Amino acid sequence: MIDVPRPDNATHARIGLAPMEGVVDVHTRALLTEIGGFDWVVTEFVRVVDARLPPRVFTRLCPELMTGAVTSAGTPVTLQLLGSDPRALGENAQQAVACGARSIDINFGCPAKTVNRHRGGASLLQNANDVYHAVRGVVEALQGSGIKVSAKLRLGFNTKQLALHCACAAEAAGASHLTLHARTKKEGYRPPAHWEWVARVRQQVRIPVVVNGDIWCLEDFWKARSLSGCRDVMLGRSALADPWLALRIKHWQATGERLAVTRWEQRAEVLQQFAERLMAAPAPGRAPDKVIVSLLKQWLAIMRQHDAESAQRFAELKRINHLPEMLAAFK
Ligand SMILES: Cc1cc2nc3c(=O)[nH]c(=O)nc-3n(C[C@H](O)[C@H](O)[C@H](O)COP(=O)(O)O)c2cc1C
């Protein structure tokens, strides 16, 4: 373990919870922000093609829109859009705001083939003009509303050649801040994250840049901030692997002390509460038991990558297919 000097108090980080399609839903956002440490969260993306989507699309994905666009813990929720058509993005941003959104983020990172084939997500990083027009479409549509528009980018599509151009394009179009996942689309989720590249981008723009990618522990947090020079960070898979990570970072920054390692009993309690919230959903929209079981396994599979006891529990639980049996195993 490296000896980590504590950053001084003047530079306390703000911490965002990353959008993760199919993983971070309203219940996860509630649970993680109730544990604490997060300053904002971003929803999974709403996919925009050409039509103005009905309000139910926005409120289904982000029920928090109906309660002030904050989670149950009061943490602000940003709604994310994915698309390439500036007019459609603008119209749907207006629709999201009419539904209650208070800030909008645009996705320039999604690596999915179907999304990229239809010119969405990371594929837009192949042409900085496309990034400019997508952001501009939303900024112009929301002009005068006071709603902030941010952009979440990777370092590029196949190469990092256009990283600076794309970031500058988003800034020129009026983005309020950028979140940078420190890898190209081609690099997928493979380590390492290139935090030093985030520094190069940050030095080119005047708006704040949030560093994202592979911040799994206090040491990573310190390195990511030191190498990127960013004040703020966004946590994705690591927030699921250790739901106390954001709080751990905040506590360490405030006091210099390390909180105790998260125990299996604490993790099991989070998984149990997640299942209970899904089970409590009203009948027509309630996920079937087998879906809840697979969501629990999905979360546990992320936990096991960085925790020996979770790995052992995953090996024991992975063959369980009945929800009551799964819940009993968490007790
Ligand atoms: C399953 C999964 C779904 C994701 N969905 C989204 C998404 O909807 N929008 C987005 O901007 N990024 C999405 N991402 C990328 C994450 O927000 C984040 O940038 C990435 O996981 C790197 O951060 P991490 O190393 O902290 O996980 C997704 C990542 C994963 C693993």
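Just so it is clear, the model here is predicted, and its values are computed rather than measured. (Residues numbered from 1 in each chain as written. Predicted model: local features only at pLDDT ≥ 70, side-chain atom pairs only at ≥ 80, totals over all residues. Heavy atoms only, no water.)

A few points about the nonpolar core
And step 1. Counting residues in each nonpolar core, the largest one holds 103 residues, and the members touching the most others are Leu79, Phe108, Val135 and Leu235.
And step 2. The contacts of Leu235, once residues within four sequence positions are left out, are Ile15, Gly16, Leu17, Ala18, Phe38, Ile215, Leu245, Ala246 and Ile249.
And step 3. The next biggest cluster of nonpolar side chains, apart from the first, holds five residues, and it includes Ala18, Trp40, Val42 and Val210. (Core = buried A, V, L, I, M, F, W, Y, C linked by side-chain atoms within 4.5 Å. Buried < 20%, exposed > 50% of the residue type's maximum accessible area, 1.4 Å probe, protein only. Contact = heavy atoms within 4.5 Å.)

A word on the pattern of salt bridges
And step 1. In total, this model carries 17 salt bridges according to the counting rule given.
And step 2. Between Arg237 and Asp214 there is a salt bridge, with its nearest N and O atoms 3.1 Å apart. Here Arg237 is found in helix H9 (residues 237-241), whereas its partner Asp214 is found in the loop between strand S7 (209-212) and helix H8 (218-228), with 23 residues between them in sequence.
And step 3. With a relative accessible area of 12%, Asp214 lands in the buried category.
And step 4. For Glu219, the salt bridge goes to Arg258, with nearest N and O atoms at 3.0 Å. Remark: Arg258 occurs in the loop between helix H10 (245-255) and helix H11 (264-279) and Glu219 occurs in helix H8; sequence separation between them is 39 residues.
And step 5. You can call Arg258 partly exposed: its relative accessible area is 42%.
And step 6. Shared partners join several salt bridges into a network, and the residues in it are Asp85, Arg87 and Glu91. (Salt bridge = Lys/Arg side-chain N within 4 Å of Asp/Glu carboxyl O. Helix = DSSP H or I, 4+ residues; strand = E, 2+ residues; numbered from the N terminus.)

What to know about the side chain of Asp220
And step 1. The residue Asp220 is located in helix H8 in this model.
And step 2. No salt bridge is formed by the buried Asp220. Its closest oppositely charged neighbour is Lys223, at 5.1 Å.
And step 3. A distance of 2.9 Å separates the side chain of Asp220 from the backbone nitrogen of Trp216, its partner in a polar contact. (Lys, Arg positive; Asp, Glu negative; His and termini not counted. Polar contact = N/O pair within 3.5 Å; in protein donor to acceptor, adjacent residues only side chain to side chain.)

Here we look at the confidence of the model for the protein chain
And step 1. Of all residues in the protein chain, 97% attain a pLDDT of 70 or more, and the chain-wide mean is 95.
And step 2. This stretch, residues 1-10, has a pLDDT under 50; its non-local contacts, to residues over four places away or in other chains, come to 21 contacts. (pLDDT = per-residue confidence, 0-100.)

Here we look at the packing of aromatic side chains
And step 1. Taken as a whole and assessed by the stated rule, the structure comprises three aromatic pairs.
And step 2. Taking 6.1 Å as the distance between ring centres and 80 degrees as the angle between the ring planes, the aromatic pair formed by Phe221 and Trp252 counts as edge-to-face. A residue pair is termed long-range when its members are at least 10 positions apart, and Phe221 in helix H8 and Trp252 in helix H10 qualify at 31 residues. Like Phe221, the residue Trp252 is buried in the burial classification.
And step 3. Residues Trp264 and Phe330 carry aromatic rings whose centres are separated by 6.4 Å and whose planes lie at 55 degrees to one another, so their mutual orientation is tilted. Of this pair, Trp264 sits in helix H11 while Phe330 sits in helix H14 (residues 323-330), and the two are 66 residues apart along the sequence. Take Trp264 and Phe330: they sit in the same class, and that class is buried.
And step 4. One Lys or Arg, Arg154, reaches over the ring of Tyr189 and ends 5.1 Å from the middle of that ring.
And step 5. Here Arg200 stacks its cationic end above the ring of Trp197, 4.2 Å away from the centre of that ring. (Phe/Tyr/Trp six-rings, centres within 6.5 Å; stacked < 30°, edge-to-face > 60°. Lys NZ or Arg CZ within 6 Å of the ring centre and 35° of its normal.)

Side note on the site of the ligand
And step 1. By nearness alone, 19 residues border the ligand, and Pro19, Gln80, Asn212, Asp214 and Arg237 come closest of all.
And step 2. Within the side chain of Gln80, an N or O atom sits 2.7 Å from a nitrogen atom of the ligand.
And step 3. With respect to the ligand, the side chain of Lys152 contributes an N or O atom lying 2.8 Å from an oxygen atom.
And step 4. Alone, the ligand offers 620 Å² of accessible surface; in the complex the protein occludes 88% of this.
And step 5. Put simply, the parts of the chain that give the shell around the ligand at least two residues each are strand S2 (40-47) and strand S6 (178-184).
And step 6. A per-class count over the shell around the ligand returns seven nonpolar, six polar and six charged. (Near = heavy atom within 4 Å. Areas by Shrake-Rupley, 256 points an atom, 1.4 Å probe, with all protein chains shown as cover. Nonpolar A, V, L, I, M, F, W, Y, C, P; charged D, E, K, R; others polar.)

Things to note about unusual backbone geometry
And step 1. With an omega dihedral of 5 degrees, the bond running from Pro191 to Pro192 counts as a cis peptide bond.
And step 2. Positionally, Pro192 belongs in the loop between S6 and helix H7 (195-204).
And step 3. Residues other than glycine seldom take positive phi values, yet Ala69 does so here, at roughly 55 degrees.
And step 4. Here Ala69 is to be found in the loop between helix H2 (55-61) and strand S3 (77-82).

Details of the sheet that holds S3
And step 1. The sheet built from eight strands closes into a barrel, its strands ordered S1-S2-S3-S4-S5-S6-S7-S8 with parallel pairing. This sheet shows a mean twist of 30 degrees between the axes of neighbouring strands, independent of strand direction.
And step 2. One ladder, built from four bridges, connects S6 with S7; its direction is parallel. Bridged to His181 within S7 is Asn212. (Pairing = 2+ DSSP bridges. Axes fitted to C-alpha atoms, helices over the stretch in contact; angles between N-to-C directions.)

Re helix H13 (residues 308-317)
An α-helical segment advances 3.6 residues per turn. Residues three or four places apart therefore align on the same side.
And step 1. Regarding H13, the residues found buried are Ser310, Phe314 and Leu317. Projected down its long axis, H13 shows its buried positions confined to an angular sector of 75 degrees, all on one face.
And step 2. Buried-residue contacts for H13 involve H11, helix H12 (289-304) and H14. (Arc of directions from axis to C-beta.)

Looking at the side chain of Thr59
And step 1. With respect to the helices and strands, Thr59 occurs in helix H2.
And step 2. Setting aside its immediate chain neighbours within four residues, Thr59 contacts Leu65 and Met66.

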